[in-house]
Amino acid sequence: MIKKLKFRIGTWLLTFFFIFLYSCTPKINSFTVNKRTISANDTLQFNWDVTGHPTLLYHQRNITGPGTPDSAVVRYLEFTLVAQKNGKEAKKMIQVVTQPVNSTDSVVCATGLHGDTLIASCTKDSIRWGNNYRVVTVSSGSRRPLNVSHAGTTTLLDAAGTPSHAFEGTALNGAWRMSSLLTAAEKADMSTAAEKLSLIVTVKYETQ
Amino acid sequence: MIDVSEKIKTVVLLMFENRSFDHMLGHLSLENINTAVDGLKQPMSAYDNLYNGSSYPLFRVEADSFLQSDVPHEWQYVDTQLAKSPVTQRYTMRGFIEAYADFIKDEPNPMADPIGYFPSHLVPISSFLAQNFCTCDRWFSALPTSTQPNRTMAFCGDTPIYDTKTRIITTPSSIFDWMNAHNIRWRNYHDGFSFFALYSNLWKYVLGNNFRDYENLYLDMKAPVGPNDPQVIIVEPTYEDAPHIGSDRPNDNHAPLAIGWGEEFLRRTYEAVIANPERWGNTAMIVYYDEHGGFYDHVSPPSIPYTTTGNPVHHFDSLGPRIPGIIISPFTGNGSICHNIFDHTSVLQFLADVFTPGKPYSASVNNRKNAGIHSLSEAFTTEHTAAPPLPPSQPISVVSALGKSIAATPVGGMKTSFEMAANQLLDTHPDKMAAKYPELFQWRDATKNARNQ
């Protein structure tokens, strides 16, 4: 009983000690934004929970380079939350991408194999894309025919990349599923099989 | 290939922490400095990582500053990073963002730290050495996991452990035991608390006369060549994870550190290595990293398996991602590239080639050799008699640095292990520690006070 009591007292003291330590230093417990991709006249909503005095810093940088949509300049808005307390600071940065009202994006998913069919499924998340981007057209980005399902609709895209309006008006975010038969060459040498499948999606930003 | 046992008299080993090949030296090919290097090349979209249906293209780091946090590199995360395709059975190397998202428990930024790469001007010393000596573009970390197992492989040739956590490590034998057994003279220069303090059976060395403060390196190397000079010199930077006090500043390149301080340490070490032309004439300096640290690299590691020697055993199917490896010597080509498959045990093979020719380092290292891992000796193909090039003298600047607080208790296995080793050594060997690491007494008192405030 005494041993138990001692243990409890020790545990409480240790707990208070860590609570005390915790309260001495600045900490960013959470720092979130409602979307990571925006367009003109959009609004961002930030939420944060910090220990210490918070300051939100803003910085914009323009990046040109391969891999960016249309190889155009991409504007990154960088929001850095700094928490200060007792002469110390903690910080965390969130990048938000700005896109034109009409832009092009891709859906890219890693493949798995089901029989002689490549399957690629993934989910575009709403944190990055919000709910404002609506699909206009979808085409195959893998130079092969793709059977595509999204938002309750399924369609077949040709290898030539002809744009389809089958998903027009649906949200860009959400689950996407692509499937494609293995080619004869892939069947003969599986090391040449596609490790990812992709779609080229034209999107339009719509204010809700 | 030259006879290294005849030509090489001094070997200098400098192992940094946690950066990948593409992250540090991928610019060599991208900037057309040396297009034969298997670094980054256009189109850069070939290196896109995948996460939640989106592509994450690599980006050029614009300024050298502290990162947001450490980057994941424990074995579970490395497994995600390698992203083995169930279709081709190939490591696609597309999972670095997925691992990072899992690590930070948040949506990653489009320009997330693991997929940044340095241009040459931000890593001027590494780039200079790669351009003037031999770049190894097939040097993989020994295991697809973290610091403790990879460093144990590097300096013991085997490892009983497969992950990094709070522990004092015990290994049956080490490079120091091997060197002593073969009468190879050696010395360690540490710029702070030595990593080898994490191995209890190495404390006798850590506290011995062969472990010297880094500040002695330059004069020791510059001194006239003598018959009792060390043949193997292990140089250690100041570790980000180790205890610090005062102006002591980490320079081991471990994230979230900026890279500039490590570059400065590399410059100083190279300056020491070339300080005496006579010694330089028979020297090989090896610059390498313990593992990739969670930073992107595009080359799939070879499927060379390894089973750890401890209990429980852990089986790895492949080597880890590539690390930057540079071999600096009058016997390596000017801007040459070695494409042979190396890992950290290639250094042990090389040491055996130099100092015990015809006799392998150990059975385990020899097994790895038979599995396809080459000796560094194969990079020594030429002989230069010209004076070594002087390093760039430009100032190396770091944009910003958040001060670290000694008030914070350590977080993570490595930091806690270092503190545990420091405290145990201070308790059990106070006199020797006072001679070797006097700053740690102040560190212990200061942290104790700060944490009790």
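Predicted model only: the values in this text are computed from it and were never measured.

Before going further, it helps to examine helix α6 (residues 124-132) of chain B. Burial runs high along α6 of chain B: seven of the nine residues are buried. For α6 of chain B, every residue scored as buried is listed here: P124, I125, S126, S127, F128, L129 and A130 of chain B.

Moving on: the packing of aromatic side chains. All names here are of chain B. All told, the structure shown has 37 aromatic pairs over all chains when counted by the stated rule. Relative to W186, the ring of F176 has its centre 4.6 Å away and its plane inclined at 50°; by these criteria the two rings are tilted. Of the two residues, F176 is situated in helix α8 (residues 175-181) and W186 in strand β7 (residues 186-190); the sequence distance between them amounts to 10 residues. The exposure class assigned to F176 is buried, which follows from its relative accessible area of 0%. A ring pair is formed by Y239 and F418, whose centres lie 5.8 Å apart and whose planes are at 25°; its orientation type is stacked.

A separate point is the confidence of the model for chain A. For chain A, mean pLDDT is 86; residues scoring 70 or higher make up 84% of the total. When the criterion is pLDDT under 50, residues 66-70 of chain A qualifies, and its contacts beyond four places in sequence or with other chains add up to nine contacts.

A separate point is the sheet that holds strand β8 (residues 211-213) of chain B. Residues and elements named next belong to chain B. Taken in spatial order, the eight strands make up an open sheet running β8-β7-β9-β1-β10-β13-β6-β14, and their pairing is mixed. Across the chains shown, the open sheet's two edge strands, defined by having one partner strand only, are β8 and β14 (336-338). Averaged over all pairs of adjacent strands, the angle between strand axes in this sheet comes to 20°, irrespective of strand direction. The pairing of strand β6 (residues 134-136) with β14 spans three bridges and is parallel. When the bridges of β14 are listed, C136 appears paired with C338. Its contacts with the sheet place helix α11 (residues 260-273) against β1 (10-16), β9 (232-236), β10 (283-289) and β13 (325-328), and it is angled at close to 175° to β1.

Here we take up the state of the cysteines. Enumeration over the complete set of coordinates arrives at one disulfide over all chains. The residue that forms a disulfide with C109 of chain A is C122 of chain A, at a sulfur-sulfur distance of 1.9 Å. Here the disulfide of C109 of chain A and C122 of chain A is left-handed, its torsion about the S-S bond being about -40°. With C109 of chain A in strand β7 (residues 102-114) and C122 of chain A in strand β8 (residues 117-124), the pair connects residues that are 13 residues apart, well separated along the chain. Among the residues examined, C122 of chain A registers a relative accessible area of 14% and is labelled buried. Of all cysteine sulfurs, the one in C136 of chain B lies closest to C134 of chain B, which takes part in no disulfide; the gap is 4.5 Å. Among the residues examined, C134 of chain B registers a relative accessible area of 1% and is labelled buried.

This part takes up the domain arrangement of chain A. All names here are of chain A. Each domain of chain A was delimited in the assignment, giving domain 1 (26-98) and domain 2 (102-205). Each partner contributes residues to the interface: domain 1 has 10 residues there, and domain 2 has nine residues. When the two sides are added together, the surface that domain 1 and domain 2 hide from each other amounts to roughly 750 Å², 46% of it contributed by carbon and sulfur. Of all residues in domain 1, K35, R36 and T37 bury the most surface against domain 2, accounting for 50% of the area lost on that side. At the surface where domain 1 touches domain 2, the tally comes to zero salt bridges. Summed over the shared surface of domain 1 and domain 2, the number is four residue pairs in polar contact (both at pLDDT 80 or more).

With 127 residues, the main nonpolar core has I175, F176, F193, I286, F350 and F380 of chain B as its most contacted residues. Sort the elements by how many residues they give to this core and helix α13 (residues 345-355) of chain B lands first, with seven residues. Listed in part, the 25 residues of the second largest apolar core include L118, L146, M178 and V201 of chain A.

Structurally, T356 of chain B can be placed in the loop between α13 and α14 (363-370). Sequence-distant contacts of T356 of chain B, defined by excluding residues within four places in its chain, comprise W178, H182 and L351 of chain B.

Turning our eyes to something else, we now look at the pairing of β8 of chain A. All names here are of chain A. The element β8 is largely enclosed, with a buried count of six among its eight residues. The sheet contact formed by β7 and β8 spans four bridges and is antiparallel. Counterpart to H114 in the pairing with β8 is T117. In sequence, β7 turns back onto β8 through a hairpin of two residues, with G115 there showing a positive phi of about 65°. Bridge count for β8 against strand β12 (residues 174-181) is eight bridges, and the pairing is antiparallel. Residue pairing for β12: K124 is matched across the bridge by G174.

A few words now on the interface of chain B and chain A. Many structure descriptions define interface size as the accessible area lost when the parts assemble. Counting from both sides, the interface comprises 31 residues of chain B and, opposite them, 41 residues of chain A. Note on chain B versus chain A: buried area summed over both sides is about 3000 Å², and carbon and sulfur give 54% of it. The largest contributions to the chain B side of the interface with chain A come from V87, E107 and M111 of chain B, which together make up 20% of the buried area. Applying the counting criterion to the chain B and chain A interface returns three salt bridges. Counting the contacts that link chain B with chain A gives 13 residue pairs in polar contact (both at pLDDT 80 or more). Elements that contribute at least two residues to the side of chain B that touches chain A include exactly β3 (54-56) and α17 (439-452) of chain B.

What counts and what doesn't
- Residues numbered from 1 in each chain as written.
- Chains lettered and ligands numbered in written order.
- Predicted model: local features only at pLDDT ≥ 70, side-chain atom pairs only at ≥ 80, totals over all residues.
- Heavy atoms only, no water.
- Buried < 20%, exposed > 50% of the residue type's maximum accessible area, 1.4 Å probe, protein only.
- Helix = DSSP H or I, 4+ residues; strand = E, 2+ residues; numbered from the N terminus.
- Phe/Tyr/Trp six-rings, centres within 6.5 Å; stacked < 30°, edge-to-face > 60°.
- pLDDT = per-residue confidence, 0-100.
- Contact = heavy atoms within 4.5 Å.
- Pairing = 2+ DSSP bridges.
- Axes fitted to C-alpha atoms, helices over the stretch in contact; angles between N-to-C directions.
- Disulfide = S-S within 2.5 Å.
- Domains from an automatic or database assignment.
- Buried area = accessible area lost by both parts, 1.4 Å probe.
- Salt bridge = Lys/Arg side-chain N within 4 Å of Asp/Glu carboxyl O.
- Polar contact = N/O pair within 3.5 Å; in protein donor to acceptor, adjacent residues only side chain to side chain.
- Core = buried A, V, L, I, M, F, W, Y, C linked by side-chain atoms within 4.5 Å.

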